[in-house]
Amino acid sequence: MAGKGRSRTARISWTNPTDREQRIKDYVDLVSSLTWQRQGSFLAATVLGLFYFDPVSTVVCYLGVFVAEILDMRLGREAKAWTDYDPETGRRLLRKITVNTALSAVAISVFVINMAVQQTSGGHFTPLFFLFSASLFAAMYNSAIISILLLRLSIYAGAFLFIALLDLVRYRPAMSSSSWLEFFTIIFVLYFIFDTSLKFYRHYQERMQQMKLIKEESERTKAAYEVKSQFLSTVSHELRTPLTSIKGSIDLMNTGVLGAVPDHLKPPLSIAAKNSQSLANLIDDLLDLQKMEAGEMHFQFQELDVNDLVKDAVEATTGYAGKLGIHVTTILPARELTVKGDHARLIQVMNNLLSNAIKFSEEGGSVRVRVEAIGSRVRISVQDDGIGIPEEARERVFGKFTQVDSSDIRKVGGTGLGLNITKQIVDRHGGTIDYESEPGVGSTFYVEFDQAVDEAAGKAGADPVALTA
Ligand code: ADP
């Protein structure tokens, strides 16, 4: 290794790990996460060794295992910092893993062999059991890198065979003796460990394969989603321009500026005006949604007087409310409450809540808008006595293209996107939106934001002033 020069080129960022790098990372992460579990087993074995075997050689052997553990811990830290998956670091880590594995497997083998050598009769249950546990541990947790697993298991297999042959060489017992029985049992155990390792290895391979498929699938979905978004955005933009002129012309005809509209043409023209308005709303909602999802909706945050904001929004819906015979009352606190927000977007939020309250109310009904301070927050609520929302629809109300009520009850159309967009705008302001509703009784939608200036909270909501529109 000494002859190899270090790369002098600038560091490149490798964000996607290859199969090999993923395995190295998985291996080190798993081995590091089990450090204390391993330490516990080694310590237990050492305590037994101190009592029942030669204490000095037990301590020396334990030190060997301990050094290997320290090296593994350092390797773990190094691998944790390896977040860019640069292949050169990957190769270096693999080299270190190989050396550490050899060291640790040899240290553990020497540890158990030291015990076995000191036992003169009665079999070698204790060292063999420790060796078996270590092999099983390797089978279960080293399967990410097959070469490392094989290296460790071969060293353990050597130790197994050494212990198995130890008594046969030392005592040259008869074939019928228990030493030979132990020897054959060890051969069987070796086969068992090999078989188990293979199963864990296959299991890891399958998991890797599944991860790969999931990753590919997610990339395909992402690509398809981007194409869809692009398509939707292009179509919406392309539709908007001609629609604006169609709608403008129809509106112009309806005003009579282009000449008196014959009576028989009034109904179809009014339907055309209404439908072109619905279409324009849908396109605007789609474009907003698109912008929001692409992270392209920009907000200009500034300090806003909530009372003014609500007054503006209520005023903007006066015509619509009047057409449906709905009475809108505004209850404002006497003092000024301010929030940090984007004026146009918060007006959009209020418009949506107000137009929903109006359109889902009975003719001649009333809608109440209230502003109040709740601690350091400002709450704006819009209450109606309309059709209400059944509890089972709660999950869907803020979803996309959701319309809870059946279409024949619906007085005015909608896109089912309004509340979804509203929620996203409120979220971007760090606010919350929720509602309470009872079918047949009415609904109260409320949004809450942090106050920009937290003045004497005690006065909040005091002296409300009622305005009507
Ligand atoms: P829409 O364009 O249909 O109004 P929204 O996303 O604004 O879409 O609302 C989603 C659905 O939630 C509505 O279609 C309606 O079924 C229900 N909803 C919203 N506000 C109210 C309300 N104030 N009263 C009754 N139902 C409501």
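See above for the structure.
Residues numbered from 1 in each chain as written. Predicted model: local features only at pLDDT ≥ 70, side-chain atom pairs only at ≥ 80, totals over all residues. Heavy atoms only, no water.

## Examining the pattern of salt bridges
- Taken as a whole and judged by the stated rule, the model has 22 salt bridges.
- Among the salt bridges present, the one from Lys 199 reaches Asp 195, with a minimum N-O distance of 2.9 Å. Remark: Asp 195 and Lys 199 occur in helix α7 (residues 178–255); sequence separation between them is four residues, near one turn of the helix.
- With relative accessibility at 52%, the residue Lys 199 sits in the exposed group. (Salt bridge = Lys/Arg side-chain N within 4 Å of Asp/Glu carboxyl O. Helix = DSSP H or I, 4+ residues; strand = E, 2+ residues; numbered from the N terminus. Buried < 20%, exposed > 50% of the residue type's maximum accessible area, 1.4 Å probe, protein only.)

## A look at the pairing of strand β5 (residues 377–384)
- In terms of burial, β5 is a largely internal element, six of the eight residues being buried.
- Examined bridge by bridge, strand β4 (residues 366–374) and β5 share eight bridges and lie antiparallel to one another. Looking at the pairing, Arg 370 lines up with Ser 381 of β5.
- The loop that links β4 with its antiparallel partner β5 comprises two residues; one of these, Gly 375, has a positive phi angle of about 60°. (Pairing = 2+ DSSP bridges.)

## Overview of the pairing of strand β7 (residues 442–450)
- Counting buried positions over the nine residues of β7 gives eight, a clear majority of the element.
- Of the strand pairs in this sheet, β5 and β7 are connected by eight bridges, and their pairing is antiparallel. Across the sheet, residue Asp 384 finds its bridge partner in β7, namely Ser 443.
- Sheet topology note: the strand β6 (residues 432–438)/β7 ladder contains seven bridges and is antiparallel. Looking at the pairing, Thr 432 lines up with Glu 448 of β7.

## Brief notes about a nonpolar patch on the surface
- There is a patch of nonpolar side chains on the surface, built from Trp 36, Val 47, Leu 48, Leu 50, Phe 51, Tyr 52, Val 59, Leu 63, Phe 66, Ile 70 and Met 73 and spanning about 1,100 Å² of accessible area.
- Residue assignment for the nonpolar patch shows that the elements contributing at least two residues are α2 (35–52) and α3 (55–80).
- A total of six residues in the nonpolar patch trace back to one element, the largest contributor, which is α2.
- Mapped onto the elements, Leu 63 comes out in helix α3. (Patch = residues over 30% accessible without salt bridge, like charges linked within 9 Å, V, L, I, M, F, W, Y side chains within 5 Å. Areas by Shrake-Rupley, 256 points an atom, 1.4 Å probe, with all protein chains shown as cover.)

## Some points on the side chain of Ser 109
- Relative to the helices and strands, Ser 109 resides in helix α4 (residues 87–118).
- The buried category is assigned to Ser 109, whose relative accessible area is 5%.
- Not counting residues up to four positions away in its chain, the partners in contact with Ser 109 are Ile 155, Tyr 156 and Ala 159. (Contact = heavy atoms within 4.5 Å.)

## As for the nonpolar core
- Ranked by size, the top nonpolar core spans 47 residues in total, and within it Val 310, Val 369 and Ile 380 carry the most contacts.
- The greatest single-element share of this core, amounting to eight residues, is contributed by helix α11 (residues 343–359).
- In contact with Ile 380, other than residues within four places in its own chain, are Val 306, Val 310, Met 350, Val 369, Arg 370, Val 371, Phe 445, Tyr 446, Val 447 and Phe 449.
- Judged by nonpolar contacts, the second largest core, of 32 residues, contains Ala 45, Ala 107, Ile 108 and Ala 159. (Core = buried A, V, L, I, M, F, W, Y, C linked by side-chain atoms within 4.5 Å.)

## With respect to unusual backbone geometry
- Located in the positive-phi region is Tyr 85, a residue other than glycine, with phi close to 55°.
- In this fold, Tyr 85 is placed in the loop between α3 and α4.
- Exposure remark for Tyr 85: the relative accessible area of 13% places this residue in the buried category.
- The residue Arg 172 is not glycine, and still its phi comes out positive at about 40°.
- Owing to a relative accessible area of 68%, Arg 172 belongs among the exposed residues under this scheme.

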